[in-house]
Amino acid sequence: MKQTRRKFDPSFKAKVALEALKERETLQQLAVKYELHPNQISQWKQEFIENSAVVFEGKQAKSPPEADVSELYHKIGKLEMEKEFLKKNLKRFGL
């Protein structure tokens, strides 16, 4: 019978990676404790180290690209025209 893959949430991965970084227990001990393979713990630890700089990046307000804004205004105009067309035709047919 095929066994489904387990899925772990990011908080669990971070918890295990931090435990591995503390090095109070060996990878094998952590693997037994959390029922994981030591290679998986090593991989999460490496990902945690690589992406740790993201935490300290400043939260900068990003403005939407100008191309997207003009495209949205174009679409709004088109929808307004369609709405007016439908209103006019509904009046013509008495609905």
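The structure under discussion appears in the preceding block.
A brief structural summary. All of these numbers come straight from a predicted model, not from anything done at the bench.

**Structural notes on the nonpolar core**
Here is step 1: Of all hydrophobic cores here, the largest spans eight residues; its members are Val16, Ala20, Leu30, Ala31, Tyr34, Leu36, Ile41 and Trp44.
Here is step 2: Counting only elements with at least two residues in this core, the list comes to helix 1 (10-22), helix 2 (27-34) and helix 3 (38-50).
Here is step 3: Examining the composition of this core, we find that three residues originate from one element, helix 2, more than from any other.
Here is step 4: Once residues lying within four places of it in the same chain are set aside, the contact partners of Ile41 are Val16, Ala20, Leu27, Leu30, Ala31 and Leu36.

**Side note on the pattern of salt bridges**
Any two side chains of opposite charge can pair, given that their charged atoms come close.
Here is step 1: As enumerated under the stated definition, the model contains four salt bridges in all.
Here is step 2: Measuring nitrogen to oxygen at the nearest pair gives 3.6 Å for the salt bridge that ties Glu25 to Lys33.
Here is step 3: Across the salt bridge formed by Glu80 and Lys83, the nearest N and O atoms sit 3.7 Å from each other. Separated by three residues within a single helix, Glu80 and Lys83 lie in helix 4 (residues 66-92), roughly one turn from each other.
Here is step 4: Relative accessible area serves as the criterion here: at 41%, Glu80 is assigned to the partly exposed category.
Here is step 5: Lys83 gets classed as partly exposed once you look at its relative accessible area, which sits at 39%.
Here is step 6: Here the residues in one salt-bridge network are Glu19, Glu25 and Lys33, joined through shared partners.

**Some words on helix 2**
Here is step 1: For helix 2, every residue scored as buried is listed here: Leu30, Ala31 and Tyr34. Axial view of helix 2: buried residues confined to an arc of 105°, hence all on one face.
Here is step 2: Along its buried surface, helix 2 packs onto helix 1 and helix 3.
Here is step 3: Glu35 lies just past helix 2 and shows a positive phi near 55°.

**Regarding the environment of Ile41**
Here is step 1: Within the secondary structure, Ile41 sits in helix 3.
Here is step 2: Judged by its relative accessible area of 0%, Ile41 is buried.
Here is step 3: In this structure the C-alpha to C-alpha distance between Ile41 and Glu19, which are 22 residues apart in sequence, comes to 9.6 Å.

**Some points on the packing of aromatic side chains**
For any pair of aromatic rings, the description consists of the separation of the ring centres together with the inter-plane angle of the planes.
Here is step 1: Applying the stated criterion across every chain yields a total of four aromatic pairs.
Here is step 2: Centre to centre, the rings of Phe12 and Tyr34 are 5.7 Å apart; their planes meet at 80°, and the pair counts as edge-to-face. Here Phe12 is found in helix 1, whereas its partner Tyr34 is found in helix 2, with 22 residues between them in sequence.
Here is step 3: Within the aromatic cluster, the residues linked to one another by ring pairs are Phe8, Phe12, Tyr34 and Trp44.

**A few points about the packing of helix 1 against helix 3**
Here is step 1: Two elements in contact, helix 1 and helix 3, have axes separated by 8 Å at closest approach and are oriented at 95°. For the element pair helix 1 / helix 3, the angle class is roughly perpendicular. On the side of helix 1, the interface is formed by Phe12, Lys13, Ala14, Val16, Ala17, Leu18, Ala20 and Leu21, while helix 3 contributes Ile41, Trp44, Lys45, Phe48 and Ile49.
Here is step 2: Classifying every residue of the contact of helix 1 with helix 3 by side-chain character gives 11 nonpolar, no polar and two charged.

Parameters at a glance
- Residues numbered from 1 in each chain as written.
- Predicted model: local features only at pLDDT ≥ 70, side-chain atom pairs only at ≥ 80, totals over all residues.
- Heavy atoms only, no water.
- Core = buried A, V, L, I, M, F, W, Y, C linked by side-chain atoms within 4.5 Å.
- Buried < 20%, exposed > 50% of the residue type's maximum accessible area, 1.4 Å probe, protein only.
- Helix = DSSP H or I, 4+ residues; strand = E, 2+ residues; numbered from the N terminus.
- Contact = heavy atoms within 4.5 Å.
- Salt bridge = Lys/Arg side-chain N within 4 Å of Asp/Glu carboxyl O.
- Arc of directions from axis to C-beta.
- Phe/Tyr/Trp six-rings, centres within 6.5 Å; stacked < 30°, edge-to-face > 60°.
- Axes fitted to C-alpha atoms, helices over the stretch in contact; angles between N-to-C directions.
- Parallel < 35°, antiparallel > 145°, perpendicular 65-115°, else oblique.
- Nonpolar A, V, L, I, M, F, W, Y, C, P; charged D, E, K, R; others polar.

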